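# Summary of the model geometry
Here's the letter readout for the chains.
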Amino acid sequence: MSLTAGIVGLPNVGKSTLFNAITNQKILAENYPFATIEPNVGVVTVPDDRMTKLKEMYEPNRFIPTAYEFTDIAGLVKGASKGEGLGNKFLSHIREVDAIVEVVRCFDNGKIIHVEGTIDPLRDIETINLELAIADLDIINNRLEKVSKKARTTKDKDTIIEVEALEKAKKALEENKPLRQLEFSKEEQKVLKSYSFLTIKPIIYLANIEETELEKEDNEYVKQVKDYARKEGSQVVSLCAKVEEDLSELDEADKKEMLEALGLTESGLDKLITATYDILGLATYFTVGKDEVRAWTFKKGMNAKECAGIIHTDFEKGFIRAEVISYNDLIEYGSELKVKEVGKARLEGKDYLMQDGDICHFRFNV
C-alpha cells in the first residue's frame, strides 16, 4: 500500500529544502517565488527499529522496508484557486495525494524573502487553506447545478445521497470549516471519494524553525500554529528544514552524532513520517524469512484477507488462512520455534483484523 503526502506552502517557506532532506536529492531551491515549476516526487523508506531487529535475526538475502512517497508542490499564493501564480495546475497535483504537509515559516530572517513581506504564520495558513476551500467550493457548486435537478425528478437514491452530501460540504466550507472536520456516513463517503476534495484530506502543519531554536521552548510563531491546529484537530511537527537537509547527507554514525550535538533523540523527518502514519490510520505488518524480510503498510481495520492482497491479488483471491505471531513475542522468545512452543503462534481466518507488528505467513490456493 503506497502512501503519498503532498508538501505545500507559500513560496520560500522551506518546502524545497525539506524535500531535499526527504529524498537527499538536489532539486532547485532558490530564493525567489515559483522556483519549483514541476512537482517533484521522492520515495524514502519508513524508519522502523523493528526492521533492524528482524534483519539481525534472519540475516535475509533481501531487506525491504515499507516506502513513503512525498510530492513537492510549487508554492501557492493568494488567488491560486482563480489561476494566480501557478494556479489550478498545482491544486490538481494536491488532489492526488493522501495527506497534506503544510510547511509554515516560523522564523525571522531578513535575507530570505517572504512573498507577503512579513512573517505571520496564521495569515499564511489561512491564505492556503482558503484557496483549498475555494477550489473545493467551485467543484461543489458546479456539480450541484447538474445533480440537484436529477435528484428532484428521478428520486434516485444514490443521487439524493450525493446532493445531500454536497450540500452539507458546501455549508461547512462557507462557514470556513474544512471537510475533514465533518462526519460523513459510509454512503456519503462513497459518493464523495471520487471528488478528491482538498480540505477533506488530513493535514499536518510543519513549523519550520531556525537551528538555534531546536532545543528551546516553542517560539511565539510555533505556539500560534499549535493553537490553530488544536482547534481543528490537526497535528504540528516542528523542525529546521536546513538541519534536516544537512542530516540527510550523513551516514548513520555521523547522523547520530549530529543529533546528539543538537540535543535531539530523533530527526524531524522521523517525527513527520510517524505523524503522517498516525493521521492516515496506517500500521505495519511483516513477512520474514532467510530469503526476505519485508515491511507492508496497511490501513487499520483491514482484515487478513485484504492484507494478503497487498502482497499479491492471488493471495487475496485464494486466501486460506494466516499464520500469525506478534513481533513482541518473537523478540521476547527469540525465535519462531520458541513462540510456537509456548502457544503464542496463531492460525487466523479471513476476518481476523490485522494488528501493527503482526508477522504473517499467508496460506493460499489459486
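Residues numbered from 1 in each chain as written. Predicted model: local features only at pLDDT ≥ 70, side-chain atom pairs only at ≥ 80, totals over all residues. Heavy atoms only, no water.

## Concerning helix α5 (residues 157-174)
Because each turn of an α-helix spans 3.6 residues, side chains separated by three or four positions in sequence point in the same direction. With 18 residues, α5 ought to run about 26 Å at 1.5 Å a step, and its terminal C-alpha atoms sit 26 Å apart, in line with that. Where α5 is concerned, the buried positions are Thr159, Ile161, Glu162, Val163, Ala165, Leu166, Ala169, Ala172 and Leu173. (Helix = DSSP H or I, 4+ residues; strand = E, 2+ residues; numbered from the N terminus. Expected span 1.5 Å × (residues − 1). Buried < 20%, exposed > 50% of the residue type's maximum accessible area, 1.4 Å probe, protein only.)

## A closer look at the nonpolar core
The nonpolar side chains of a soluble globular protein tend to be buried, and buried together. The biggest cluster of nonpolar side chains holds 55 residues, and the ones touching the most others in it are Leu18, Tyr68, Phe70, Ile94 and Cys106. Setting aside residues no more than four positions away along its own chain, leucine 18 makes contact with Ile7, Val103, Leu206, Leu239, Ala241 and Leu269. (Core = buried A, V, L, I, M, F, W, Y, C linked by side-chain atoms within 4.5 Å. Contact = heavy atoms within 4.5 Å.)

## A look at the confidence of the model for the chain
Any segment with low pLDDT has predicted coordinates that should not be analysed in fine detail. The predicted model of the chain averages 87 in pLDDT, with 90% of residues at 70 or higher. Across residues 25-37 the pLDDT falls below 50, and counting only partners more than four positions away or on other chains, this stretch makes 34 contacts in the model. (pLDDT = per-residue confidence, 0-100.)

## A few points about unusual backbone geometry
Although it is not a glycine, asparagine 12 sits at a positive phi angle of roughly 65 degrees. Within the secondary structure, asparagine 12 sits in the loop between β1 (4-8) and α1 (15-23). You will see that serine 196, though not glycine, has its phi angle at about 50 degrees, which is positive. Within the secondary structure, serine 196 is located in the loop between α6 (186-192) and β6 (203-208).

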